[in-house]
There are 2 protein chains.
Amino acid sequence: MSKRVTSHDVARRAGVSRTTVSLVLNRSDAATFSPETRERVLQAAADLGYKPNSAARMLVSGNSETIGLVISNKDILSVDAFVPQVLHGIGEVNQRHGFHVLLESLASGPGAGTYDHLVESRRIDGLILLNPRQDDEALKRLIENKFPIVLVGTLRHPEEASINYSASASTRQAVDLLADLGHRNVGMVAFAPPGFVAVEGRKEALRRGLVARGLDLADSAVEHANFSAESGHAATRALLTRRPDITAIFAGNDTIAIGVISAARALGRRVPEDLSVVGHDDLPFAAWLSPALTTIRNDAVRQGALAAEMLISILEGKPVAERRVRLQSELMVRQSCAAAPR
Amino acid sequence: MSKRVTSHDVARRAGVSRTTVSLVLNRSDAATFSPETRERVLQAAADLGYKPNSAARMLVSGNSETIGLVISNKDILSVDAFVPQVLHGIGEVNQRHGFHVLLESLASGPGAGTYDHLVESRRIDGLILLNPRQDDEALKRLIENKFPIVLVGTLRHPEEASINYSASASTRQAVDLLADLGHRNVGMVAFAPPGFVAVEGRKEALRRGLVARGLDLADSAVEHANFSAESGHAATRALLTRRPDITAIFAGNDTIAIGVISAARALGRRVPEDLSVVGHDDLPFAAWLSPALTTIRNDAVRQGALAAEMLISILEGKPVAERRVRLQSELMVRQSCAAAPR
DNA sequence: TTGTACGCGTTATCAC
DNA sequence: GTGATAACGCGTACAA
């Protein structure tokens, strides 16, 4: 690569001092320079293609204009399309604010201490964390130490900053839809093992919805998958074998729903005629599955964008109106639910 | 956050100089210190929880131990599960080598000059680029300037370093499979507009495969989608309306295949009885679609890992045996192809 | 309006 | 074996 251009080079070319260069370039507001000087500096910088060395800038300013995004390997491998959506939301906001994203994928598990390296090396100014686990102590410590961190999801920690959404209302709607179609035995295939807050949240929302209609969610009606469509398939086989009376299944997410549908077919059940399926997330492909998936919309792009906005506000010291944003989800009714077979 | 610990603090606590601290901590090979001093330093660092400030380290060493990954928004939104797979492969290798990934999503389009900011701010040491476009001049310039960059895909540039794979053999197999099943009119729905190397490559592989069997790929048998399942649906509708004689479709990737299947159904064609479909990539969900998708496997995790390995080797000045790695793809035969209707 | 001088935390070089 | 000193490139008081 061609030799790097320093502020010194720019200064020389413009015939001014490095101070002037720095001031002109960084303080656009300061009208404290002659338009002529200003112009010369800008011109020289452009001619030379000057880009400040970010390391030096970081060192002196103490921040990196970079936010970390931590994702467990399991998630990234298999929650599939959800992560990119969030990423997209974050990316767009970042670009507007000149921030960068450092992606850290960590081995799964409680992962104690895994953020510390990132945080303490000062490589990042703040952190966005997807799908936290309830038992993540390292994370709690970070929050309590006031490290700037925004959750996509929630830890139900009083001090957390988070973008979360409520599945209650739309889950309730979905339950109503199914109950009205005559379903009495409803099951669930969670997207991950117990311990993830989102898993428990979705399960609870379903339970409450069912109870409100005089139904229930027996433990025998719940299986836990493990992120992938494949695991969804296996879990559904187990579930329907144990509880063949079940006529409707809530899938923990849309990827799991693919597995649910495939397992149903493998067991000789048509969807939706013999088994109704409700997904979760409304990933872009959901509407194009066969049958088109009825699912609870959880706008990942929006959540990513909001999380990034909030984090950047915190980092810039701007006031944040609400530190715990709660969005409403929305039921997308499509073709995967039908009247209960009799 | 608690005050940061500098090497100076460690030095004081251990009763040695900063130099000693640095040498002990960074040069595990240098036997040039008394075991006792060595121990004292290590102990002090551990007690204080010392983590070197990465900005300072970057400034002096000139590299950031970070690799950039540039992804166009369009990709990340819609090629969906492919990107996370690659990311996963990269992440694993990086973790082993202590590297980080900086993710830059750029607005789509030719995007001239978009990497420059990243590159010249010295924020990253090297770059991995997915799915390059043939007309990306900024990229070519970067390669010609010897900036360390590894493509996942290819630009067919003599100086490039790339991880690529050949779809020829397995496309040929797929064509044979279909031809043997009696299909004569085969179409294609590309995953993106013309201009992406991978789009053209897949199309050419198909054309050659067909010609080898005495068939052809007329222009009227090709439609271009635009990354999403939805666009695959629309493109397929157009294709099958224009060429109702087509009985088998190669989808540009598995996400597009979802759209192809859904469009076929919407037009009253059963898959695979009335229309055979071949996907591309073998994303984790492909085996669980209904019908299970016959697809050309393109191991994204492996490609990501290989790209990261290669880039890190280049960065560390290690010899790289092959700068243009070419993997073989593999046909996964499942349920989405059947005898041509007559 | 501009220049000088210093600090940020680390590492390399060269004395001791 | 160990320690002082000088960079790395930038931002910014402070002096001029």
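Residues numbered from 1 in each chain as written. Chains lettered and ligands numbered in written order. Predicted model: local features only at pLDDT ≥ 70, side-chain atom pairs only at ≥ 80, totals over all residues. Heavy atoms only, no water.

**Concerning unusual backbone geometry**
And step 1. With an omega dihedral of 10 degrees, the bond running from A:Val271 to A:Pro272 counts as a cis peptide bond.
And step 2. When you line up the elements, A:Pro272 lands in the loop between α12 (254–266) and β9 (276–281).
And step 3. Backbone geometry places A:Phe227, a non-glycine residue, at a positive phi of 80 degrees.
And step 4. Positionally, A:Phe227 belongs in the loop between β7 (222–224) and α11 (229–242).
And step 5. For A:Phe227, a relative accessible area of 2% translates into the label buried.
And step 6. The backbone phi angle of B:Glu65 is positive, close to 50 degrees, even though this residue is not glycine.
And step 7. Checked against the element boundaries, B:Glu65 lands in the loop between α4 (54–61) and β1 (66–72).
And step 8. On the accessibility criterion, B:Glu65 (31% relative accessible area) is partly exposed. (Helix = DSSP H or I, 4+ residues; strand = E, 2+ residues; numbered from the N terminus. Buried < 20%, exposed > 50% of the residue type's maximum accessible area, 1.4 Å probe, protein only.)

**Thoughts on the pairing of strand β11 (residues 324–328) of chain A**
All names here are of chain A.
And step 1. Alternating positions in β11 separate cleanly, Val-325 and Leu-327 being buried on one face and Arg-324, Arg-326 and Gln-328 remaining unburied on the opposite face.
And step 2. The sheet contact formed by strand β5 (residues 161–166) and β11 spans five bridges and is parallel. Along β11, the bridge assignment pairs Asn-164 with Arg-326. (Pairing = 2+ DSSP bridges.)

**Description of the protein's contact with DNA strand D**
And step 1. With respect to spatial proximity, 25 residues lie near DNA strand D, and among them A:Ser7, A:Tyr50, B:Thr19, B:Thr20 and B:Thr37 are the closest.
And step 2. What you see for DNA strand D is that sugar and phosphate hold 61% of its atoms within 4 Å of the protein.
And step 3. Between DNA strand D and A:Asn26 there is a distance of 3.3 Å, counted from a phosphate oxygen to a side-chain nitrogen or oxygen.
And step 4. One of the side-chain nitrogen or oxygen atoms of A:Tyr50 is found 2.8 Å away from a phosphate oxygen of DNA strand D.
And step 5. Taken together, the elements giving at least two residues each to the surface near DNA strand D come down to α2 (18–26) and α4 (54–61) of chain A together with α2 (18–26) and α4 of chain B.
And step 6. With four residues, α2(A) is the largest single contributor of residues to the surface near DNA strand D.
And step 7. Its residues assigned to classes, the surface near DNA strand D shows eight nonpolar, twelve polar and five charged. (Near = heavy atom within 4 Å. Polar contact = N/O pair within 3.5 Å; in protein donor to acceptor, adjacent residues only side chain to side chain. Nonpolar A, V, L, I, M, F, W, Y, C, P; charged D, E, K, R; others polar.)

**Examining the protein's contact with DNA strand C**
And step 1. Taken together, 24 residues are adjacent to DNA strand C, and A:Ser17, A:Thr19, B:Ser7, B:Ser22 and B:Tyr50 come closest.
And step 2. Among the atoms of DNA strand C close to the protein, meaning within 4 Å, 62% are from sugar or phosphate groups.
And step 3. One nitrogen or oxygen atom from the main chain of A:Ser17 is found 2.6 Å from a phosphate oxygen belonging to DNA strand C.
And step 4. In this structure, B:Arg57 approaches DNA strand C through a side-chain N or O atom, which is 3.1 Å from a phosphate oxygen.
And step 5. For the surface near DNA strand C, the secondary-structure elements that each account for two or more residues are α2 and α4 of chain A together with α2 and α4 of chain B.
And step 6. Sorting elements by how many residues they give to the surface near DNA strand C places α2(B) first, with four residues.

**Brief notes about the packing of α11(A) against α12(A)**
Residues and elements named next belong to chain A.
And step 1. Where α11 contacts α12, the two axes come as close as 7 Å, and the packing angle between them is 45 degrees. Comparing their axes, α12 and α11 come out oblique. The handedness of the crossing between α11 and α12 comes out as right-handed. Counted together, Ala-229, Ser-231, Gly-232, His-233, Thr-236, Arg-237 and Leu-240 of α11 and Thr-255, Ile-256, Ile-258, Gly-259, Val-260, Ser-262, Ala-263, Ala-264 and Ala-266 of α12 form the full contact between these two elements.
And step 2. When grouped by side-chain class, the residues that make up the contact of α11 with α12 number eight nonpolar, seven polar and one charged. (Axes fitted to C-alpha atoms, helices over the stretch in contact; angles between N-to-C directions. Parallel < 35°, antiparallel > 145°, perpendicular 65-115°, else oblique. Left-handed = near helix turned anticlockwise from the far one by under 90°. Contact = heavy atoms within 4.5 Å.)

**Focus on the relation of the copies chain B and chain A**
And step 1. Least-squares fitting of chain B to chain A yields an RMSD of 0.3 Å, with the transformation described by 0.1 Å of translation along the axis and a rotation of 180 degrees. With respect to symmetry, the two chain copies, as superposed, fit the operation of a two-fold axis. Taking the C-alpha atom as reference, chain B places B:Leu102 closest to the rotation axis, 2.2 Å from it.
And step 2. Most of the interface of chain B is mirrored in chain A, where 98% of its interface residues are also at the interface. (Least-squares fit on C-alpha atoms with pLDDT ≥ 70 in both.)

**Some thoughts on the domain arrangement of chain A**
Residue and element names in this part refer to chain A.
And step 1. Taken domain by domain, chain A comprises domain 1 (7–61), domain 2 (66–165 + 300–328) and domain 3 (168–298).
And step 2. Contacts between the two partners involve 18 residues from domain 2 and, on the opposite side, 19 residues from domain 3.
And step 3. In total, about 1600 Å² of surface goes out of reach between domain 2 and domain 3, with carbon and sulfur atoms giving 54% of it.
And step 4. Counting the contacts that link domain 2 with domain 3 gives zero salt bridges.
And step 5. Here domain 2 is connected to domain 3 by six residue pairs in polar contact (both at pLDDT 80 or more).
And step 6. Contributions of two or more residues to the side of domain 2 that touches domain 3 are made by α5 (73–78), α6 (82–97) and α13 (300–315).
And step 7. Considered class by class, the residues forming the side of domain 2 that touches domain 3 number six nonpolar, seven polar and five charged. (Domains from an automatic or database assignment. Buried area = accessible area lost by both parts, 1.4 Å probe. Salt bridge = Lys/Arg side-chain N within 4 Å of Asp/Glu carboxyl O.)

**Here's the deal with the interface of chain B and chain A**
And step 1. In this assembly, 53 residues from chain B lie in contact with 52 residues from chain A.
And step 2. Around 5200 Å² of area is buried between chain B and chain A when both sides are counted, 62% of it from carbon and sulfur atoms.
And step 3. Linking chain B to chain A there are zero salt bridges.
And step 4. The tally of links from chain B across to chain A stands at twelve residue pairs in polar contact (both at pLDDT 80 or more).

**What to know about α2(A)**
Owing to its 3.6 residues per turn, the α-helix brings residues three or four apart onto one side.
Residue and element names in this part refer to chain A.
And step 1. Considered for burial, the residues of α2 that qualify are Thr-20, Val-21 and Val-24. All buried residues of α2 fall inside an arc of 100 degrees around its axis, so they share one side.
And step 2. Elements that come into contact with the buried residues of α2 comprise α1 (7–14) and α3 (35–48). (Arc of directions from axis to C-beta.)

**Considerations on the sheet that holds strand β7 (residues 222–224) of chain B**
Residues and elements named next belong to chain B.
And step 1. With mixed pairing, the six strands of this open sheet are ordered in space as β7-β6-β8-β9-β10-β12. On the outer flanks of this sheet lie β7 and β12 (330–332), each paired with one strand and no other. For this sheet, the mean inter-axis angle between neighbouring strands, taken without regard to orientation, is 20 degrees.
And step 2. Contacting β6 (186–190), β7, β8 (248–251) and β9 (276–281), helix α10 (residues 197–212) runs over the sheet at an angle of about 175 degrees to β6.
And step 3. Where helix α12 (residues 254–266) meets the sheet, it contacts β6, β8, β9 and β10 (294–297), and its direction lies at approximately 160 degrees from that of β9.

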